[in-house]
Amino acid sequence: MNHKNLAFTIDSNSTISFISWVFWMLHYIGLYGRSALITQSSDILKTFNGFRKRVNVVLFTYSKQPHVAYHHATFFLSQGSAFMTPQWELVSLPRWEMTAYWILSFSSHLYSFYQLHRFSEEHEVSLDREVQLERGFLIWGFKKDPTDFEWSFWNEWAWQSLLWSLIGHAVLSIFADNFLPQFRLAVITVYGFLSAGWLLGVRGLTVLMLHLSISLVVAQLRSPVLSWFCSLLLLSTLNVPALQDLQRGWYTSEDHYYLLLFSTAVCSLRCISFSLELCWHPLQAGRPNHCSHLEEKRLETLIFQFYKLTAYCFYHPLFYNGPIVTYRDFSEQVEENEIHKRLQALCFIQMYCECLSLSLQIERPVYKVSVVYVLSGILRVCVWWCLAEFMIHFMYMHAIQSSETYLEMLPPWALGGLALALVQFFYIKYLVLFGAVSLLVRLDGLEPPKLPRCVSIMYSFTGMWRYIYVPLGGSRHGVFRKLISTALAFGFVCFWHGCHDYLQYWAVLNWVGVLVENSLALLFSSRPLHPIIVRFLSPRMQRRGLALISALSTAFLILSNLFFLGGIHVGRIFWKRVFVKGWSSVAIPMVAFLYCFAQVGIEWDMR
């Protein structure tokens, strides 16, 4: 198996999961899409016949950025408030024009995939000899490309144990919800802790608890700088060769070590979230609600905080592979569930207290999950899984991108199909991985992160964004502070994944892309230029001009993502074949099709 494929195991020193880049750094310094600004509302007072109950409610405010540029083709990083969008009026185009864009976009996808399929068929024997294609089972007569390590790894673990442990979590959660509602969080925390110990072993569990304990102790100093320093120091231990060899010796298979590594890396993100919330909001992050600040004992407070941190980190559906939920969101939703249970009890008492004229009106603040919703969710995950399997049976894109020889041999249309297939497979893969656990999260009465809406409108949390970009000033303290904030945000992602050379290329290219995007936005929004654009260009022409600029930006974004997905050799060959040697025969037609994708993306986002 070729472990160079995606982001989980790039080499022996970089085996951190790809998930954080999508659901963490998609919102760090992105370029496009819809951003969700998660804010905490003021406390809503609930009055119940003489007493009040304070409830924290999470409000989701969506800000539309109409400069979505590339539909169905590549990752879209959403930036939030850091990106300044020109205040152009976007209007709908004529129906015939949009129909043409849709047809060209869809047909170009199909044709490029077909060309990649033909290339895969023609070189199947040599690819099988180099990467050992597996015997296919989904499509009769086709072999399967197993070289996407991430997909193969989680598929194998799902059938071995993770699927059954997730089902066990669902059963136990329902049981505790009905018979032990006051201890439900404790029950599922113990289950998550034992499940992690069952797969990772006592030694692996000790490593995780050591990370939690050190992070909590440092957070007691209430210094965000020290918490960050501690977190980075703990993350750096994941790439120490001596520790890697020691941990490998604990297990009989390499996959067990990778599972420990992924769990520790994702757990470190949760420790960062908890530690910084404890530094900024100590009363919300980890103090018993029934005690005042003066009455608390230091040991009791520490124990309570450790319990909250353990419950947050060992929540089983999100433990191994995320998606990442900030501690603030997790704790608020758990508290909402607890309040709901208490109100249910009050409603039960109301039936026997009508003579006292007690009137209780209860609104459930969490999602109600029906059997139809669960079954439809399971069906969607199965369809996504079959689609992902179909792609690696139909196109051997991961095996092809691992060889420079095949990359040089690819026809232009097949080269474009390879880029499309890589990012589309990535998108569908995470629909499966996140879709399955999101069902369990909803069954627990919590709100999971939204699933990505195709790669052109990727949903992303701002919860983790706030820990780097916002504290450093973001876009509120001038251009220089913005440059530093974005550079540090990308730098942390690079460091978290191992800080390898191809990651450095990806980080620098994205940082430069953000700077160019912001510069263009400032230019077109400036007082001398913006009135001229509005005066001489109709709203429809403004939209067409925006789509053209977005197409050029997307071409640059594709290049940076290929560095991340395939390594330096993939990005270098793509740059040479498209922008250097094929600037007239390949680059111009590619930008034309990207323009169509951009128009489709803008129309989709407007709706």
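Here is what the cut-offs are and how they apply
- Residues numbered from 1 in each chain as written.
- Predicted model: local features only at pLDDT ≥ 70, side-chain atom pairs only at ≥ 80, totals over all residues.
- Heavy atoms only, no water.
- Phe/Tyr/Trp six-rings, centres within 6.5 Å; stacked < 30°, edge-to-face > 60°.
- Helix = DSSP H or I, 4+ residues; strand = E, 2+ residues; numbered from the N terminus.
- Buried < 20%, exposed > 50% of the residue type's maximum accessible area, 1.4 Å probe, protein only.
- Contact = heavy atoms within 4.5 Å.
- Core = buried A, V, L, I, M, F, W, Y, C linked by side-chain atoms within 4.5 Å.
- pLDDT = per-residue confidence, 0-100.
- Polar contact = N/O pair within 3.5 Å; in protein donor to acceptor, adjacent residues only side chain to side chain.
- Patch = residues over 30% accessible without salt bridge, like charges linked within 9 Å, V, L, I, M, F, W, Y side chains within 5 Å.
- Areas by Shrake-Rupley, 256 points an atom, 1.4 Å probe, with all protein chains shown as cover.
- Salt bridge = Lys/Arg side-chain N within 4 Å of Asp/Glu carboxyl O.

Give me the packing of aromatic side chains: which residues, what numbers.
Aromatic rings in a pair are described by how distant their centres are and how their planes are angled relative to each other. Applying the stated criterion across every chain yields a total of 31 aromatic pairs. Between W151 and F425, the aromatic rings sit 5.8 Å apart at their centres with planes inclined by 75°, giving edge-to-face as the arrangement. In this pair, W151 is assigned in helix α4 (residues 149-179) and F425 in helix α15 (residues 412-443), connecting sequence segments 274 residues apart. Judged by centre distance (5.1 Å) and plane angle (50°), the rings of Y430 and F434 are tilted. Of this pair, Y430 and F434 are both found in helix α15, four residues apart, which corresponds to roughly one turn of the helix. Under the relative-accessibility criterion, Y430 is labelled buried at 1%. For F434, a relative accessible area of 1% gives the class buried. A network of ring pairs unites the aromatic residues F149, F153, W154, W157, Y257, Y258 and F262 as a single cluster.

Talk me through helix α20 (residues 568-580); I want residue IDs and the actual numbers.
Every α-helix winds through 3.6 residues per turn, so residues three or four apart in the chain are directed the same way. Residues of α20 that are buried include every one of H569, V570, G571, I573, F574, R577 and V578, and no others. Where α20 is buried, its residues touch α13 (397-401), α14 (404-409), α15, α19 (539-566) and α21 (583-606).

Let's hear about the nonpolar core: which residues, and what values?
In this structure, L116, M397, L410 and F574 are the most contacted members of the largest nonpolar core, which totals 62 residues. Here the element with the most residues in this core is α15; it accounts for 13 residues. The contact partners of M397, leaving out residues within four places of it in the chain, are L116, D145, M391, I392, L418, A421, L422 and F425. Ranked by size, the runner-up nonpolar core spans 61 residues in total, among them L260, C267, F314 and Y327.

Tell me what's going on with the confidence of the model for the chain, and back it up with residues and numbers.
Per-residue confidence for the chain gives a mean pLDDT of 76; residues scoring 70 or more make up 73%. The model gives residues 456-466 a pLDDT under 50, and that stretch makes 57 contacts with residues more than four places away or in other chains.

Go over unusual backbone geometry, please, and point to the residues and values.
The omega angle of the peptide bond from G322 to P323 is 5°, so this bond is cis rather than trans. Topologically, P323 is positioned in the loop between α10 (298-313) and α11 (327-350). Of note, R222 is a non-glycine position whose phi angle comes to about 60°, a positive value. Mapped onto the fold, R222 is located in the loop between α5 (184-219) and α6 (224-236). In this structure, C499 is a non-glycine residue whose phi angle is positive, near 60°.

Go over the environment of S165 with me, naming the residues and quoting the values.
Here S165 shows up in helix α4. Separated by 151 residues in the primary sequence, S165 and H316 place their C-alpha atoms 8.5 Å from one another. The residues touching S165, leaving out its near neighbours within four places in the chain, are Y191 and H316. Among the polar contacts made by the side chain of S165, one reaches the side chain of H316 at a distance of 2.9 Å.

For a nonpolar patch on the surface, give the residues involved together with the corresponding values.
On the surface, a cluster of nonpolar side chains totalling about 530 Å² of accessible area is made up of W159, L163, W164, I167 and V171. With respect to the helices, strands and loops of the structure, W164 is situated in helix α4. Relative accessible area serves as the criterion here: at 48%, W164 is assigned to the partly exposed category.

Describe the pattern of salt bridges, and please don't skip the residues or the numbers.
Under the counting rule described, the total for this entry stands at 13 salt bridges. Here R184 ties to D177 by a salt bridge, and the two come within 3.8 Å at their closest N and O atoms. For R184, a relative accessible area of 12% corresponds to the buried category. Since its relative accessible area comes to 25%, D177 is described here as partly exposed. The structure contains a network of salt bridges with shared partners spanning D148, E150 and K429.

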